[in-house]
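# Residue-level structural notes
Now for the letters of each chain:
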Amino acid sequence: MTRLIKGIFFDLDDTLVLTKDVDAQAHQRVCQLGRQLMPGLDGQRLLADWRAVFGAQPWDPEHKVDVEEWRAGLWRQAVNRQGLECGNEAAAQLQACWTTSRLELFRFVPGVDELITSLAAAGYQMVIITNGHHLIQRQKVASCEATRLFTHILVGGEEIRAGRHEKPHPSIFHRACELAQCQPQDAIHIGDSLTCDVQGGIEAGLAATVWVNASGAPLPEGCPQPDYVVSSVLELPEVLKALEAGPVEADSGCSSGDGSPAAAGARRCGVAAGKGLTVAA
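If you're wondering where the values come from, they're calculated on a predicted model, not measured in any experiment.

Let's shift gears to the overall build of the chain. Regarding its fold elements, the chain presents ten helices and eight strands. Buried positions account for 50% of the 281 residues belonging to the chain. Counted over contacts in the chain with a minimum sequence separation of 6, partners at least 24 positions apart contribute 63%. Total accessible area on the chain stands at roughly 13,000 Å², and carbon and sulfur atoms take up 51% of it.

A full pass over the atoms with the stated rule returns five aromatic pairs. With a centroid separation of 4.6 Å and 15 degrees between ring planes, the pair formed by Trp-50 and Trp-75 is classed as stacked. Of the two residues, Trp-50 is situated in helix 2 (residues 43-56) and Trp-75 in helix 3 (residues 67-80); the sequence distance between them amounts to 25 residues. Residue class for Trp-50 comes out buried when judged on its relative accessible area of 3%. Taking relative accessible area as the criterion, Trp-75 reaches 0% and is therefore assigned buried. Among the aromatic residues, those joined into a cluster by ring pairs are Trp-50, Phe-54, Trp-75 and Trp-98.

Another point: the environment of Glu-166. Turning to its location among the elements, Glu-166 is positioned in the loop between helix 7 (156-161) and helix 8 (170-180). Taking the relative accessible area as the measure of exposure, Glu-166 reaches 26% and is therefore partly exposed. Spatially, the C-alpha atom of Glu-166 lies 8.6 Å from that of Ile-129, the residues being 37 residues apart in sequence. Ignoring any residue separated from it by four or fewer positions in sequence, one finds Glu-166 in contact with Asn-131, Gly-132, Gly-156, Gly-157, Ile-160 and Ile-172.

Next up on the list: the pattern of salt bridges. One pass over the full model with this rule turns up 14 salt bridges. The partner of Glu-159 in a salt bridge is Arg-164, and the shortest N-O contact between them spans 2.8 Å. Measuring nitrogen to oxygen at the nearest pair gives 2.8 Å for the salt bridge that ties Asp-197 to Lys-167. Of this pair, Asp-197 sits in helix 9 (residues 194-203) while Lys-167 sits in the loop between helix 7 and helix 8, placing them 30 residues apart in sequence. In this pair, the class of Asp-197 matches that of Lys-167, namely buried. Because the salt bridges share partners, they merge into one network encompassing Asp-11, Lys-167 and Asp-197.

Turning next to helix 2. Helix length check: helix 2 (14 residues) gives 20 Å between terminal C-alpha atoms against 20 Å at 1.5 Å per residue, within 8%. All of the buried residues in helix 2 are Gly-43, Leu-46, Leu-47, Asp-49, Trp-50 and Val-53. Those residues of helix 2 hidden inside the fold are in contact with helix 1 (19-37), helix 3 and helix 4 (88-105). Sitting at the head of helix 2, Asp-42 places a side-chain oxygen 3.1 Å from the backbone nitrogen of Gln-44.

Moving on to the environment of Ala-52. Checked against the element boundaries, Ala-52 lands in helix 2. A C-alpha to C-alpha distance of 8.5 Å links Ala-52 and Ala-78, two positions 26 residues apart in sequence.

About the cut-offs
Residues numbered from 1 in each chain as written. Predicted model: local features only at pLDDT ≥ 70, side-chain atom pairs only at ≥ 80, totals over all residues. Heavy atoms only, no water. Helix = DSSP H or I, 4+ residues; strand = E, 2+ residues; numbered from the N terminus. Buried < 20%, exposed > 50% of the residue type's maximum accessible area, 1.4 Å probe, protein only. Contact = heavy atoms within 4.5 Å. Areas by Shrake-Rupley, 256 points an atom, 1.4 Å probe, with all protein chains shown as cover. Phe/Tyr/Trp six-rings, centres within 6.5 Å; stacked < 30°, edge-to-face > 60°. Salt bridge = Lys/Arg side-chain N within 4 Å of Asp/Glu carboxyl O. Expected span 1.5 Å × (residues − 1). Polar contact = N/O pair within 3.5 Å; in protein donor to acceptor, adjacent residues only side chain to side chain.

Interpretation in functional terms is not warranted from these geometric data alone.
Structure, rendered in structure tokens:
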């Protein structure tokens, strides 16, 4: 039988690696260090203030300031919001703690090695497509040793610096198709972002999109509609089985993966028994 799917594209953060969990542990280490360096520091407020300034601008948009120096400045701003002094050395120590801890903990989800090895043995061509600062994402790629398993890795920050686009622009998915030597209709993409991964895959004309919904949250109203919903990337083989089996019989309604109604107007779906896998018809 001719395989319908030839290429599989993977998001990195919170798909192949549980980045939110990694960040939570790294944050705690930074808080501990901050309290040692600056007695009286409120660790939880530090994180809240840091997230605010980080979310506004995580790196110099003109790339004139080194990303580590820039982020040290963000820690300094967060500390200063508590009326405490934070010199350049202390700020640099906080950022070094953040970076070192994050990269030390940045590893593939247990079972990913076996998953990718088995998919490669089955003949699938695979590409990682990850957004973010070019240096930061390459550090992450090195920390989880992604090149052991993936020949092709596209970093959104590198695409932008080359005058191209990151997710959700179709062009980065089409570049992945070129690397995988397949057509968009022969490829699928799996990731945790409805905007970057699901909408991007839809606009690129891929055969299917797979949303990693680790929390089991309902599908938000008006959001892009993924073809499949899984709780973990490790459920991907069930998706491939469903795809290779052809169209799925539609049920009377659609679930977001946890039994709750999906967005109004979503396509009807069937649920693979025992796997928590939602399949849009």
